[in-house]
Amino acid sequence: MTTLNNMIFQFAGAAGTGCDSQGSGWARSMTRAGLWTFANFDFESRIRGGHIYYQIRISEKPIENHGEGAHVLLAFDEQAVRERIDDILPGGAVIFDENYKLDDSLFEGRDLLVIRAPLIKFANDIGGNKLMANTAAVGVLVGITNFSAKYIERSLREAFIGRYPGERGEKLAASNIEVLTAAVEYGAQFQDRFDFQLQARPGGENRILINGNVAIGMGAIGGGCRFISGYPMTPATTVLEFLAAHQDEYGIVVKQTEDEIAALLTAIGAAHAGARAMTSTSGGGFCLMTEALGLAGTTETGVVIVNAQRAGPSTGMPTRTEQGDLDFVLYASHGEFPRLVLTPGSVEECFRAGHRAFNLAEKYQTPVIIMTDLFQAFAQKTVDRADLDFGNITIDRGKLVSDEQLDAFGPDEMYARHKLSDDGISPRALPGHPRGVYMTTGDEHTERGFITESQSVRVQQMDKRMQKLETARPDMLPPELYGDQDADITLVGWGSTRGPIREAVDLLVANGQSAGAIHFPEVWPLPEGTENMLSAARYLIGVEQNFSGQFAGIVRRATGIDFHHRILKYDSKQITAGDIVAAVKEEVRVGI
Amino acid sequence: MTTLNNMIFQFAGAAGTGCDSQGSGWARSMTRAGLWTFANFDFESRIRGGHIYYQIRISEKPIENHGEGAHVLLAFDEQAVRERIDDILPGGAVIFDENYKLDDSLFEGRDLLVIRAPLIKFANDIGGNKLMANTAAVGVLVGITNFSAKYIERSLREAFIGRYPGERGEKLAASNIEVLTAAVEYGAQFQDRFDFQLQARPGGENRILINGNVAIGMGAIGGGCRFISGYPMTPATTVLEFLAAHQDEYGIVVKQTEDEIAALLTAIGAAHAGARAMTSTSGGGFCLMTEALGLAGTTETGVVIVNAQRAGPSTGMPTRTEQGDLDFVLYASHGEFPRLVLTPGSVEECFRAGHRAFNLAEKYQTPVIIMTDLFQAFAQKTVDRADLDFGNITIDRGKLVSDEQLDAFGPDEMYARHKLSDDGISPRALPGHPRGVYMTTGDEHTERGFITESQSVRVQQMDKRMQKLETARPDMLPPELYGDQDADITLVGWGSTRGPIREAVDLLVANGQSAGAIHFPEVWPLPEGTENMLSAARYLIGVEQNFSGQFAGIVRRATGIDFHHRILKYDSKQITAGDIVAAVKEEVRVGI
Amino acid sequence: MVSESATVTIKSFNTDERSTWCPGCGDFGIVVGLKRALTELGIGPHQVMFTSGIGCGSKLPHYMWANEFNSLHGRPVPVATGIRLAAPNKFTVISVSGDGDSYGIGVGHLIHTARRNVNMVQVVENNQVYALTKGQYSPTSQPGLVTTTSPEGSIEAALNGLGTAIMAGASFVARGFSGDPRGMADLLARAIEHPGYALVEILQDCVIYNRVNTTKWYRERIYDLQEEDHDTSDMRTAIDRSIEWGDRIPTGILFQNTDRPTYEEQVPAIKAFGGAVDRDLAGEFSPDDFAKMLDDYA
Amino acid sequence: MVSESATVTIKSFNTDERSTWCPGCGDFGIVVGLKRALTELGIGPHQVMFTSGIGCGSKLPHYMWANEFNSLHGRPVPVATGIRLAAPNKFTVISVSGDGDSYGIGVGHLIHTARRNVNMVQVVENNQVYALTKGQYSPTSQPGLVTTTSPEGSIEAALNGLGTAIMAGASFVARGFSGDPRGMADLLARAIEHPGYALVEILQDCVIYNRVNTTKWYRERIYDLQEEDHDTSDMRTAIDRSIEWGDRIPTGILFQNTDRPTYEEQVPAIKAFGGAVDRDLAGEFSPDDFAKMLDDYA
Ligand SMILES: Cc1ncc(C[n+]2csc(CCOP(=O)(O)OP(=O)(O)O)c2C)c(N)n1
Ligand SMILES: Cc1ncc(C[n+]2csc(CCOP(=O)(O)OP(=O)(O)O)c2C)c(N)n1
Ligand code: SF4
Ligand code: SF4
Ligand SMILES: [Mg+2]
Ligand SMILES: [Mg+2]
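Residues numbered from 1 in each chain as written. Chains lettered and ligands numbered in written order. Predicted model: local features only at pLDDT ≥ 70, side-chain atom pairs only at ≥ 80, totals over all residues. Heavy atoms only, no water.

**A word on the pairing of strand E9 (residues 207-211) of chain B**
The side chains of a regular strand alternate, first on one face of the sheet and then on the other.
Residue and element names in this part refer to chain B.
At step 1: The buried count for E9 comes to 5 of 5 residues, which makes it a mostly enclosed element.
At step 2: Here E9 pairs with strand E16 (residues 380-384) via 5 bridges, running antiparallel. Bridging across to E16, asparagine 211 finds its partner in glutamine 380. (Buried < 20%, exposed > 50% of the residue type's maximum accessible area, 1.4 Å probe, protein only. Helix = DSSP H or I, 4+ residues; strand = E, 2+ residues; numbered from the N terminus. Pairing = 2+ DSSP bridges.)

Dropping the structure here:
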């Protein structure tokens, strides 16, 4: 029986040998062909060599997860076959060059179609260039899945004519297409021995394929961000790079700084001057920002920080994922001050967090942190253009004092940047107006920003600042319920576990297990309704990618609600629906 | 009715005018005279001018707190009288120079002995130097309290002959003593109008007067610390300065670094090489250390960090106190790794933490943080020499691999710095032995310290490191119960609230209120017995000097136990027994 | 913003805030110098933005009426960069902090900001000691200085801040003396006018913690480069002068290079769109303009 | 520790650990240079302690057999200081890291450590780019370099690391080239022997992210100072040479000053007690010796 449009592919090999570019070309082609795509990139902390792979899952309906295993493995070197062979699902196929020295015993006893293809031969003979073996491999894949070659042809043309405009590109594209055609034909002979097929569907033209960091960048630009200062650090660099790539079009000042200390302080300077400003980093860089974070809190500077988590502690595993920084981000910097923490769990939520963060930062005049992670930073997903709607974005700069208001100040009236107020928020004048001269400081200060030693002023200003957390609470997005509120078990997560958790719920329900889920797209201050929603659940299972169940701890501390069970993963790879289902089954077996 | 040997003094004036040196001389004299002394220093973030005061309390039994109000105010300028007049307790006295322009109305309606003394006149006429007016003021104080002048004479001699050895010093001392004598006589005339008296008691020679930072420094030196790197920051600087002052005698390498980043990393280097090494800082500096903290955690380097808290956030109030950093210290640095946190609450506990920290750091091969605060750093207390017993200190370096063991390694045996073990602790070879060559890294690593991308190794090493928290738990000092375990209310604190809480319990009990207290000298990992002791209490009231009740939150998160009430102070001054009693009474009135 | 020179006087910068400095502190003179320089150039309190660090000297902008962002110890310079790059047409930006702040913990920012030639002035109040923390040796303390953390005398060579800055690429490097507010005001005015990064070190007496390098000590040694035949455009001579310390200490402009473009002038977004703070966040681009971003991923 | 030169060979430093560098990376040559230098001096794997940062180049000590403490991005130098001051008689300490690590985020440590003259070697692997993070411009990138964070070309002047270090007080400053392991080994050996802080910058090809400053590019430009009439004791000439970049790029020893004492030699505790790591923690002082501390407070 043939399975249509429901597959997982792996493109595996050494870094720098093209399996990543072939993989991303394939993922893009799938999206263009109207198939919903989710692609994960698994790589090492090195530039060339080693073992990396792209895992691309496609479906006829939207998916939030790259799935487990693969129906086809495209191996770009021998090691790739050895490393990934166990991932191949029953009835799957592996494609590699006929010259690889791989013992047949490796494939024995496996329900597996082994295709030793003349890839290099096609490349040399038809294309006249060994490098085109990669194209040949993709051709075989097109052939065995009965897919249409035109999507690959298009991307080959784009790639070569894009890189070498003019005749050279045309020529290269043409030869590659010839190689492709031959390989497709070659692959087609295996069709009857391979049960998985692909067929284009309508709608691809309304969709795009992007990762979470690009979505954050898009959201930020749409949300009025005109300034980014940052320092490269995986997996946060691509936010900086995205804004850099668009600096010309949208006029974004991009400052690569000497370190992360300067990165946040430069953004604080820009925000103080009146720009919507951000920085992006990962845990190690966030460490260096902690002192300036407190400065932003005390000076009431609304600045946005992206913390893209990777497996820690310390340098840890630079290209591996984890959700290990939540406690740190919540309590970073000495003393107490308000901060808002957003934890988007999908490309769409990343986009939303990207623009919402700036409204929140300016409304509450305090730092806002977007927490994402390595998985989400790199994983690409097909989304409807309509779901990234710039028309929906509003700019709310909060309590701004206008020039006219300042002009109207009486002769003895003095602007007070940190004026006390019931909601904790003071009207903010952008500096530069003759009547709005003011100072502010990281020292405890009076309403007018002068350093103070007064106990009573101290208490007033502390209360004022901390009040902002309460003022902001109703503004935070509520936890999102998935499935049945009354389910026997409720999975609770934040950030990038959203996709796997939802899919796990679907799988469990399909298996007859009553299950639901609660996802927190924003965690601090804990949104209104948190307690109600959690206490209405029968059996709470926290799902987190860290050692200690940090969010579960935070919830217990704030509400007294203790999750009944915690599913924790800290082996540096993204949790999958399968992991969750297995852990839930274990828990159910043991007896909930 | 005369009150004997139970008094509070305030020495108040501008910074740099001598009230601090006079105050500390007085406190020392009290201790020498066999009176138990507790002195608090209240000062501003400036070098000269402003308003500062020393508050010195004395008693015939040991005290842990500087008390409230004053029986005598020695005012060294006019402002001091105005600022502090309200502090004077009924029947108290204020002493100042006759030339001060202070309206009588200031004193009207107060039960107060106002002594406008000819201090400058004595100084000029007898001593020939206006500066001796300070000595005269102290003389008046000796006179009205009927104290023996010989203690002051001694300290005058020490001060002047110490600073100017030889004839000049002798002369200065002699003139000062003449001034003193005249002033004592002058003061004596008021004795019958003043009900508080002082009388020397035996035992002073067995006691000393020190503050918490000196005690930490002493403990550290006794505990084998031979290396300190640090960067000045109030209120932590005096730890660095204490070790610097003793670098010659005990051979302590003292490195003032360019910043706090370097401070911790230099200490880590020294600890890695095999020295017992420490650094000291306050919140802002600790921020800069967070990245290196995680490095120490992953590389399993036992290093000691003193975090002397001051009122935050950010630069905050540099000379004011708070306990606002507990959450931060517990969760500082991205990812998860073990750290041990000590929270001494008295001079004796500071001493103990000073040496214990090094055993813990080397046994568990992980960073140990001593949390103190500005109050405790500066407040001086009389202690028995016997309570700072260096003979009691043992040096336990944990699992060290000896040179002989390495010599005996087989030809293919390789030393593995991060070897897995049940208790999470690996035998540690100090580098330098030919068979003990090894590397270590802040990246996730194998047992032998090589960078790894392996999921399984990752999990093993995470488990190993985190296991150390469980291994260490039984080694942590248990919470200390004061008074009745069965009391109607139990006050819970950590760090410097210990003294005020104990005194509050005494006051409450004396007032018929059943009360007890639990003090945590070490908070992380939460010591064994925490849950039992807390859940055995009837009504838990957390007492903390921060906005949100951080320790209460930590306990709730770890144990589910929710304190019934929290007494929180964050106005930048140390909580007193009176504050606590008042807050408890309010709570009792409202109905526990 | 157009300067309103007609209306700016020394008094424009007066404030009621009372200083916490010690009587006799060299920092007082620096306030006077700054007020004079701004007055001379007709730059009003709302047209200047001070950034400062932490230390005695860093309190300076608190004691004159002007915009100030008082940041962290060692960090006024990156804040200044942020302000310059976000509002390149709005403020004269002046960073003010002590020698420990600027040359010690903050020296990395100094070097990279000098290299970039961000158009700002960095004033270093050099009293050769960490004063506010009560007198430890600083990166400019002279060897042998006895302090609480160097009871046996400092064993570190003093940093040549000016020479280091020149090598790092600073395009204007000068030294003034707090005892000479008039000369200092002139230097500061030249620094403000200089298109690019300008470092002005002010030698300053700390009457409490530095009993060696006192006002008298400085007066006996300093001389004015501009009264000698000093070529400020020659980097090698400037380096030579920067090394000079001891019997003779040069003040005045050591080095100036007006050929380098400022960093701001080269930033693509500023060239195309002007200052970020002057933009219309809500109306500048349409949803369709934005949606073009998506095309790359189709 | 006495060196055991008889037993140290290049092979002593061999390791099974396989490098993660790209084929053709300039870092390979630097490993060879280091092995040779240590072998020449008879310093064995247990007698050297490498500290390193984060970056492609910082992985170097992982690929030879020797003690290593792999620290954080930009921080190998303070770790090295700690090791030197705690164990002044035990290890040759060599810090190894890239240009971004050493001259960028870590430049403050470089400056202050140079100034103090801590007896160590700092190797800067200069490929003029942030390689491990995939090729952004670094503090030594040449202006105009197009990278992902400078798509319109870098607008920053490159840092003159050698000149800056000389001005900051470095007592030994040299430049080598990864394409010349023999010459480099000699430089490194001289640096190790130098009593005090020694900076050795190694020009290094990044075949992936720096297509401008390639091995070929370097070969066409470099020359050896020691083959010319260069006076390494003259700071001014050294500064001049450090500025030279373009058609001719100097390699070799630019500057050496052997007159300055090392920092370690001056540390009171080391002078009186030797290395902290060699002390007897339990038995060195009696409880009474310690109790003397209390007397000051009686
Ligand atoms: C991160 C951090 N570390 C330390 C301090 C403490 N601190 C305050 S001022 C100062 C030194 C001031 O020296 P300098 O910059 O020369 O200024 P001065 O007081 O001499 O004018 C230090 C170390 C701090 N505020 N922040
Ligand atoms: C605090 C921190 N910020 C950022 C990073 C990410 N990072 C890793 S290597 C590197 C730059 C490496 O450049 P360089 O030092 O020149 O070494 P190269 O890779 O070029 O050899 C950066 C920014 C990090 N590890 N830590
Ligand atoms: S301590 Fe020194 S620098 Fe600070 S205010 Fe006093 S004189 Fe000025
Ligand atoms: S990216 Fe460049 S520096 Fe890094 S290993 Fe490859 S060639 Fe070497
Ligand atoms: Mg200073
Ligand atoms: Mg580099």
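What follows continues from the structure just given.
**Section: the sheet that holds strand E6 (residues 88-97) of chain A**
Across a sheet, strands are paired by hydrogen bonds formed along the backbone, either parallel or antiparallel in direction.
Residues and elements named next belong to chain A.
At step 1: Strand order in this open sheet of 8 strands is E7-E6-E5-E2-E4-E3-E16-E9, and the pairing throughout is mixed. Looking at which strands have only one partner, the edges of the open sheet turn out to be strand E7 (112-117) and strand E9 (207-211). With direction set aside, neighbouring strand axes in the sheet form an average angle of 20°.
At step 2: Relative to strand E4 (residues 49-59), strand E3 (residues 36-42) is paired through 7 bridges, and the arrangement is antiparallel. Considered in E4, the bridge of threonine 37 is made with isoleucine 58. (Axes fitted to C-alpha atoms, helices over the stretch in contact; angles between N-to-C directions.)

**So, the site of ligand 1**
At step 1: Neighbouring ligand 1 are 21 residues, the closest being Glu260(B), Cys56(C), Asp99(C), Gly100(C) and Asp101(C).
At step 2: Residues within reach of ligand 1 are spread across chains A, B and C.
At step 3: One of the side-chain N or O atoms of Asp99(C) is found 2.7 Å from an oxygen atom in ligand 1.
At step 4: Protein chains bury 98% of the 590 Å² of accessible surface belonging to ligand 1 in isolation.
At step 5: Those elements that provide at least two residues to the shell around ligand 1 are helix H3 (99-105) and strand E5 (129-130) of chain C.
At step 6: Sorting elements by how many residues they give to the shell around ligand 1 places H3(C) first, with 3 residues.
At step 7: Each residue belonging to the shell around ligand 1 can be placed in one class, and the counts come to 10 nonpolar, 7 polar and 4 charged. (Near = heavy atom within 4 Å. Polar contact = N/O pair within 3.5 Å; in protein donor to acceptor, adjacent residues only side chain to side chain. Areas by Shrake-Rupley, 256 points an atom, 1.4 Å probe, with all protein chains shown as cover. Nonpolar A, V, L, I, M, F, W, Y, C, P; charged D, E, K, R; others polar.)

**Points about the site of ligand 2**
At step 1: Taken together, the neighbourhood of ligand 2 is formed by 21 residues, with Glu260(A), Cys56(D), Asp99(D), Gly100(D) and Asp101(D) sitting nearest.
At step 2: Chains contributing residues near ligand 2 are chains A, B and D.
At step 3: Asn127(D) is positioned such that a nitrogen or oxygen atom in its side chain is 3.0 Å from an oxygen atom of ligand 2.
At step 4: The separation between an oxygen atom of ligand 2 and a polar main-chain atom of Ala131(D) is 3.0 Å.
At step 5: Considering ligand 2 on its own, with 580 Å² of exposed area, one finds that the protein chains cover 98% of that surface.
At step 6: Residues of the shell around ligand 2, tallied by class, amount to 10 nonpolar, 7 polar and 4 charged.

**Things to note about the environment of Ile210(A)**
At step 1: Turning to its location among the elements, Ile210(A) is positioned in strand E9.
At step 2: The sequence separation of Ile210(A) and Phe9(A) amounts to 201 residues, and the corresponding C-alpha distance is 18 Å.
At step 3: Ignoring any residue separated from it by four or fewer positions in sequence, one finds Ile210(A) in contact with Ala215(A), Met218(A), Val347(A), Ala379(A), Gln380(A), Lys381(A), Val383(A), Leu388(A) and Tyr297(C). (Contact = heavy atoms within 4.5 Å.)

**Brief notes about the coordination of the magnesium ion (ligand 5)**
Residue and element names in this part refer to chain C.
At step 1: Coordination of the magnesium ion (ligand 5) by the protein comes from Asp99 (OD), Asn127 (OD1) and Val129 (O), over a distance range of 2.0 to 2.1 Å.
At step 2: In the primary sequence, the donor residues of the magnesium ion (ligand 5) line up as D-x27-N-x1-V. Here valine 129 lies in strand E5 and aspartate 99 lies in helix H3, a separation of 30 residues in the sequence.
At step 3: According to the relative accessible area criterion, valine 129 is buried, its value standing at 2%. (Donors = N, O, S within 2.8 Å, 3.2 Å for Na, K, Ca; no water.)

**Some remarks on the relation of the copies chain B and chain A**
At step 1: Rotating chain B by 180° about the axis while translating it 0.0 Å along that axis superimposes it on chain A, leaving an RMSD of 0.0 Å. This pairing of chains is accounted for by a two-fold axis. Taking C-alpha positions as the reference, the residue of chain B nearest the rotation axis is Arg557(B), at 2.2 Å.
At step 2: When the interface residues of chain B are mapped onto chain A, 100% of them are again interface residues, pointing to one common binding face. (Least-squares fit on C-alpha atoms with pLDDT ≥ 70 in both.)

**Comments concerning the coordination of the magnesium ion (ligand 6)**
Expected angles at a metal are 109.5 degrees for tetrahedral coordination by four donors and either 90 or 180 degrees for octahedral coordination by six donors.
Residues and elements named next belong to chain D.
At step 1: With distances of 2.0 to 2.2 Å, the protein atoms coordinating the magnesium ion (ligand 6) are Asp99 (OD), Asn127 (OD1) and Val129 (O).
At step 2: Each donor residue of the magnesium ion (ligand 6) lies on the same chain, and together they follow the pattern D-x27-N-x1-V.
At step 3: Overall, the relative accessible area of 1% leaves aspartate 99 in the buried class.

**Points about the relation of the copies chain C and chain D**
At step 1: Superposition of chain C onto chain D requires a rotation of 180° combined with a translation of 0.0 Å along the rotation axis, giving an RMSD of 0.0 Å.
At step 2: When the interface residues of chain C are mapped onto chain D, 100% of them are again interface residues, pointing to one common binding face.

Everything listed here is a matter of geometry and, on its own, says nothing about what the molecule does.
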